[in-house]
Amino acid sequence: MQIKKPMITSRQFIILAFIGGIVIKGLMLPSVMLRVSGRDGLFVMAIYFVLEIINIGLFCKLISDYPDKTFFTMLEDCFGKAGGKIILMLLLTAALVKFTLNLSEVKAFFAIGMFASMNWAVMIIPVLILCFAISVKSLRVLGRAAEIFFPFIAVSIVLLMLILFREVPLENVLPLLEEGASPIKEGLIKLPMWFGDVIVLAVALGNVKNTKRLVLKGVVARTISSLLIMAFSVALFSSYGNIIPLVKYGHNITTLTQYNLGSQEFGRFDLIIYSVWMSGVFIKMAMNCYLAVRCAARIINVVNYKYISAVLAAAAYILSIFAVPAITDVYELSTALWARIIFSAVEFLLPVVLFAAAKIKYSGSGGKKHTDGEKAVEESADIKGEKTARERQ
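The structure contained in this document is the topic of the report that follows. Note on numbering: residues in each chain are counted from 1, in written sequence order. With the structure being a predicted model, the display of local features is reserved for residues of pLDDT at least 70 and the display and counting of side-chain atom pairs for 80 or more, all residues being used for whole-chain, interface and lining totals. To obtain the side-chain values, all non-hydrogen atoms of the structure were included, while hydrogens and water were left out.

### Remarks on the overall build of the protein
Part 1 of the argument: Strands here mean DSSP runs of E at least two residues long; helices mean DSSP runs of H or I at least four residues long; both are numbered from the N terminus. On a plain count of helices and strands, the protein comes out with 14 helices and 0 strands.
Part 2 of the argument: Listing each helix as α and each strand as β along the protein from the N terminus yields α-α-α-α-α-α-α-α-α-α-α-α-α-α.
Part 3 of the argument: Three labels apply to residues, based on accessible area from a 1.4 Å probe with only protein chains included: buried if under 20% of the type maximum, exposed if over 50%, partly exposed otherwise in between. Across the 393 residues of the protein, 56% fall into the buried class.
Part 4 of the argument: The contact criterion used is simple: two residues touch if any of their non-hydrogen atoms lie within 4.5 Å. For the protein, contacts bridging at least 24 residues in sequence account for 90% of all contacts bridging at least 6.
Part 5 of the argument: Of the roughly 16700 Å² of accessible surface on the protein, a fraction of 66% belongs to carbon and sulfur atoms. Each accessible area is a Shrake-Rupley result for a 1.4 Å probe, and residues are judged covered by the shown protein chains and nothing else.

### Observations regarding the pattern of salt bridges
Part 1 of the argument: Here, a salt bridge means any side-chain nitrogen of Lys or Arg that lies within 4 Å of a carboxyl oxygen of Asp or Glu. Evaluation of the coordinates by the stated rule reveals 11 salt bridges.
Part 2 of the argument: A salt bridge links K61 to D65; the nearest nitrogen and oxygen atoms lie 3.6 Å apart. Remark: D65 and K61 occur in helix 2 (residues 41–65); sequence separation between them is 4 residues, near one turn of the helix.
Part 3 of the argument: When salt bridges with common partners are traced through the structure, they connect K25, E52, K98, D197, R222 and K284 into a single cluster.

### Focus on unusual backbone geometry
Part 1 of the argument: In this model, L174 is joined to P175 through a cis peptide bond whose omega is 0°.
Part 2 of the argument: Positionally, P175 belongs in the loop between helix 5 (139–164) and helix 6 (182–190).
Part 3 of the argument: At L177, a position not held by glycine, the phi torsion is positive, near 60°.

### Focus: helix 1 (residues 10–37)
Part 1 of the argument: Along its length, helix 1 shows its largest kink, about 60°, at G26, and proline P30 lies within four residues downstream of that point.
Part 2 of the argument: Of all 28 residues making up helix 1, 26 are buried, and the element is well covered by its neighbours.
Part 3 of the argument: The positive-phi residue at the C-terminal boundary of helix 1 is G38, with phi of around 65°. Here the bend at each residue means the angle between axes fitted to two seven-residue stretches, the one ending at that residue and the one beginning there.

### So, the packing of helix 5 against helix 7 (residues 214–240)
Part 1 of the argument: Direction vectors running N to C along helix 5 and helix 7 enclose 25°, while the axes themselves pass 10 Å from each other. By the angle between their axes, helix 5 is roughly parallel relative to helix 7. In terms of crossing hand, the pair formed by helix 5 and helix 7 is left-handed. On helix 7, the residues touching I157, L160, M161 and L164 of helix 5 are L228, A231, F232 and A235. To obtain each axis, a line is fitted to C-alpha atoms, and for helices this fit is confined to the stretch in contact; angles are then taken between N-to-C directions over 0 to 180 degrees. Here roughly perpendicular refers to angles of 65 to 115 degrees, roughly parallel to angles under 35, roughly antiparallel to angles over 145, and oblique to all remaining angles. For a crossing to be left-handed, the near helix must be turned anticlockwise from the far one by less than a right angle; the clockwise case is right-handed.

### Concerning the environment of A231
Part 1 of the argument: Considering the arrangement of structural elements, one finds A231 in helix 7.
Part 2 of the argument: For A231, a relative accessible area of 16% puts it in the buried group.
Part 3 of the argument: A C-alpha to C-alpha distance of 9.3 Å links A231 and L164, two positions 67 residues apart in sequence.
Part 4 of the argument: A231 has contacts with M161 and F165, leaving out every residue within four places of it along the chain.

### Some remarks on the side chain of T335
Part 1 of the argument: Tracing the chain through its elements places T335 in the loop between helix 12 (327–334) and helix 13 (337–361).
Part 2 of the argument: Any N or O atom pair separated by 3.5 Å or less is treated as a polar contact, with the protein-specific requirement of one donor-capable and one acceptor-capable atom, and with residues adjacent in sequence counted only for side-chain atom pairs. Reaching out from T335, the side chain makes a polar contact with the backbone oxygen of E332 at a distance of 3.4 Å.
Part 3 of the argument: Discounting residues that sit within four places of it in the chain, T335 has contacts with K190, L191, W194 and R340.

### With respect to the packing of helix 1 against helix 5
Two packed helices can be described by the angle between their axes and the distance between those axes.
Part 1 of the argument: Closest axis-to-axis distance for the helix 1/helix 5 pair is 9 Å, and the angle between their directions is 55°. Judged on the interaxial angle alone, helix 5 and helix 1 are oblique. Along this stretch, helix 1 crosses helix 5, giving a crossing that reads as left-handed. Counting all contacts with helix 1, which are made through R11, Q12, I15, L16, F18, I19 and I22, the residues of helix 5 involved are L142, G143, R144, A146, E147, F150, I153 and I157.

### Things to note about the nonpolar core
Part 1 of the argument: Each nonpolar core is a collection of buried residues, namely Ala, Val, Leu, Ile, Met, Phe, Trp, Tyr and Cys, held together in the definition by side-chain atoms within 4.5 Å. Membership of the largest hydrophobic core comes to 129 residues, with the highest contact counts inside it found for F71, L91 and F195.
Part 2 of the argument: Counting residues per element, this core draws most heavily on helix 3 (residues 71–113), which supplies 19 residues.
Part 3 of the argument: The contact partners of F71, leaving out residues within four places of it in the chain, are L88, L91, A202, L205, L350 and L354.

### Re the packing of aromatic side chains
Part 1 of the argument: Paired rings are identified among Phe, Tyr and Trp, the last through its six-membered ring, by centres lying within 6.5 Å, and are further divided according to the angle between planes into stacked (under 30 degrees), edge-to-face (over 60) and tilted (the rest). On inspection of all chains with the given rule, the structure shows 11 aromatic pairs.
Part 2 of the argument: Centre to centre, the rings of W194 and Y331 are 5.6 Å apart; their planes meet at 50°, and the pair counts as tilted. One end of the pair, W194, is in the loop between helix 6 and helix 7; the other, Y331, is in helix 12, with 137 residues separating them in the sequence. Neither W194 nor Y331 differs from the other in exposure class; each is buried.
Part 3 of the argument: Taken together, a centroid distance of 6.0 Å and an interplanar angle of 55° make the contact between F232 and W277 tilted. One end of the pair, F232, is in helix 7; the other, W277, is in helix 10 (residues 270–300), with 45 residues separating them in the sequence.

Below, the structure written as structure tokens:
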């Protein structure tokens, strides 16, 4: 069965690009950056954000130029079956490590900002069920979820900005570059895993309704999300810039909002904002799961995603609970040399290489040489669950 209707709209794609660039970074990245690079972490963030914006632009350009080409078709056409599967294996590894990092940051958020003690082995189960259940559905499910929750996430961002900058000594963000370029170099080398979040959008290639100025819209959306993360970081850096040793790994902006709201007198009103924010966090994590499931399915040539999803969920549970149970263990995993190399290759280098390879491969053909058979099979598997539900109704 050939599915010609795009799986998500360009509006949904842009919203996913925005959510992917802000939700988890906004909570944990500022404190991680402050610990490693100090106040000069602003320069590290700016450099990585520029790379993200460029890669978003390249993906949007690929969508515009080759609307019928899926990511997996492009990989096979440009690098061959063997080369494509090697890339998918690297992508799968990077997606699992990134998902494990995201899980640990969610754990840190709840453990430090809300609960003195928690049974993570139990709490992680509904999170895994939610994320991997979404991953077996059509990409349309993610797109619709993002579209529904986006207005609430946008309002929470505005409220968060108002709270964060209520009593912030902005002069404390200075001075910069006291130790030269060494803190910037350390941050660039050590923390690539906390950036990127672009390659998860690769599954949308060939599945987005093309519109005019898609590249511009994608770049603007990611630029706004990057500037907001910079603003959150300025607030944290200004508050803790002179007492960096007191900032522990897992420390996040909830402590600032708690203080600025006077929670001792008025309670944790900020938790209402973060509860809305977490909807975006789960959407972002589901995007990682979606990519991991599709990569694994493509590697072993199956279209039934349910069993793959169950296996990957079990792997994520084992990683988070047994292999790297402590937050510091996840930090060590995410900053390991092999993890940084793999992640940097697929997150920052692959979009550029794929764009160049696609331009060379499809030069003069407009990307129309292939048939849509493989895309039809892929989309048919994605909508199988939805179609069955409709038939029952």
